[in-house]
Amino acid sequence: INAEYMGAEADVFLTNVRQDGLERLGLHYDVIKAQFPHLVYAHLSAWGRTGPDCRLPGYDLGAFWTMSGLSAMVHDPGNYSLYPVAMGDTCTGGNLFAAIAIALCHRVRTGRGQLVANSLFHVGLWCVAPEIVKPNQQTTPNEIPDYEKSTVANPFYQRYTSKDEHHVMLLGLGNEQAMAQQWRQLLKVETVDTLLLRSYFGTHTLAEARAELTAGGIQCCVMEALMDVLGGTPATTTAKCFAPCDTVPDLPHLPAIPMDLHCSLRHGFTRRAPKLGQHTDSVLLSGWSPRHPKAALPTSPTSGLQMLEDVLVLEVAGVGTSVAAAGRQLVDCGAIVYKLEAPGGDPWRERDPDLFRQLNAGKRSVTLTPPELAAFLPRLTVVLTNLPLAELERLGLPPSVRGAY
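Conventions we followed
Residues numbered from 1 in each chain as written. Predicted model: local features only at pLDDT ≥ 70, side-chain atom pairs only at ≥ 80, totals over all residues. Heavy atoms only, no water. Axes fitted to C-alpha atoms, helices over the stretch in contact; angles between N-to-C directions. Helix = DSSP H or I, 4+ residues; strand = E, 2+ residues; numbered from the N terminus. Parallel < 35°, antiparallel > 145°, perpendicular 65-115°, else oblique. Left-handed = near helix turned anticlockwise from the far one by under 90°. Contact = heavy atoms within 4.5 Å. Nonpolar A, V, L, I, M, F, W, Y, C, P; charged D, E, K, R; others polar. Phe/Tyr/Trp six-rings, centres within 6.5 Å; stacked < 30°, edge-to-face > 60°. Buried < 20%, exposed > 50% of the residue type's maximum accessible area, 1.4 Å probe, protein only. Lys NZ or Arg CZ within 6 Å of the ring centre and 35° of its normal. Polar contact = N/O pair within 3.5 Å; in protein donor to acceptor, adjacent residues only side chain to side chain. Pairing = 2+ DSSP bridges.

Asker: Sorry if this is basic, but what is going on with the packing of helix 9 (residues 176-187) against helix 10 (residues 194-202) here?
Answerer: Two quantities define a packed helix pair, namely the angle between the axes and the distance from one axis to the other. Closest axis-to-axis distance for the helix 9/helix 10 pair is 13 Å, and the angle between their directions is 50°. Here helix 10 runs oblique to helix 9, going by the angle between their axes. The hand of the helix 9/helix 10 crossing is left-handed. Between helix 9 and helix 10, the contacting residues are Trp183, Leu186 and Leu187 on the first element and Leu196, Leu197, Tyr200 and Phe201 on the second. A class-by-class count of the residues in the contact of helix 9 with helix 10 yields seven nonpolar, no polar and no charged.

Asker: How do you make sense of the packing of aromatic side chains when you look at a structure like this?
Answerer: We describe a pair of aromatic rings using the distance from one ring centre to the other and the angle between the two ring planes. On inspection of all chains with the given rule, the structure shows eight aromatic pairs. On the numbers, 5.0 Å between centres and 45° between planes, the contact of Phe13 with Tyr41 is tilted. Separated by 28 residues along the polypeptide, Phe13 in strand 1 (residues 12-15) and Tyr41 in strand 2 (residues 40-45) bring together distant segments of the chain. Side by side, Phe13 and Tyr41 carry an identical accessibility label, which is buried. On the numbers, 5.2 Å between centres and 65° between planes, the contact of Tyr29 with Tyr41 is edge-to-face. Placement of the pair is Tyr29 in helix 3 (residues 29-35) and Tyr41 in strand 2, with a sequence separation of 12 residues. Chaining the aromatic ring pairs together yields one cluster made of Tyr160, Trp183, Tyr200 and Phe201. For Arg351, the ring lying beneath its charged end belongs to Trp348, and the centroid distance is 5.0 Å.

Asker: Explanation requested: the side chain of Lys339 in the structure shown.
Answerer: Tracing the chain through its elements places Lys339 in strand 10 (residues 336-340). Overall, the relative accessible area of 4% leaves Lys339 in the buried class. A distance of 3.1 Å separates the side chain of Lys339 from the side chain of Asn360, its partner in a polar contact. With residues near it in sequence (within four places) discarded, Lys339 still touches Glu315, Asp346, Phe356, Asn360, Arg364, Ser365 and Val366.

Asker: Help me understand the sheet that holds strand 2 in this model?
Answerer: Whenever strands of a sheet pair, they do so through backbone hydrogen bonds, lying parallel or antiparallel. Spatially, three strands are ordered 1-2-3 in an open sheet, and the strand pairing comes out parallel. Strand pairing shows two members of the sheet lacking a second neighbour, strand 1 and strand 3 (114-119), which therefore form its edges. This sheet shows a mean twist of 10° between the axes of neighbouring strands, independent of strand direction. The pairing of strand 2 with strand 3 spans six bridges and is classified as parallel. Bridging across to strand 3, Ser45 finds its partner in Ser119. Helix 6 (residues 87-110) contacts strand 1, strand 2 and strand 3 of the sheet and is inclined by roughly 165° relative to strand 3.

Right under this line is the structure:
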């Protein structure tokens, strides 16, 4: 490997080789950063770059699933758990992609490269953080409830089976009282529990149930089998979850990257996976692919800014916690994140104070009226939200406000 040739032209060095192997190849970070201070050095490992296991091999079954405690949380007593292939790898790779993007943003501002690193183990811990932050853990990790035989605390947030054997998941987390009222009106009863809902779905086909639930404003989704998803469900098709490749028509549709970028229509793949060494000769003969000079990132240091320093974020979240998790990561990378809350506050403040503290550490809280928000909007760099479009319109934050999205 010609490290000097590579480093002079490359913007990112991406690897999952263990530190011992990188040292043997002369590609350890300490060597690379001295030669190429502009380079973003991205290292994905099993156990992290420090600690007693940092030089040991590992993969997602051990580091992501088992050592994080995630496996114990979903383990079926008396049986080995089944794990989706490379799920931990995929989650960790997506996390590293975000870190690389932030590091490149930092390089645009400062001219400096840096080391960005993550691990299967750490990402696994992040995924179970809502459980980790609970005090006085009283869990029984080797037991899981049998949802077909037991009644859980919230009948509006679990799975039911229809008369024609489709599985429907009710989505009543966070609005249990409203959904209870909707069900009472639909069924014309005084009280609603799990047994009653099982009876309802057991006497209705999927089509019948969905028609009635939609008319009643009750949120639900259909639990799809993997083969149905692969065949293309309405949800995956309309959400552009699979990416066709017009230049390689014989390729099946592949899952698209889980983000929708609006700066260009050119995102997506344009060729099939390469054959072994397919492009070696062309790189050695002509170098890397040419790029316009204006696309080149700065290579000389200009300032000592933190990665996302002065990036101003407004977080406008609904009931779910995904946006809060993204905002927390932006805070830790130096951004200023304002959390817009209703006068009564985020419901997670009372529902799970420990989880609220985990996902909102370092943020700032504001309660603004739509006119006040409109005056605040021009100063923003990012609006981070999971609200429906109608609610964003009401707040004066439609997606047409491109300057902040």
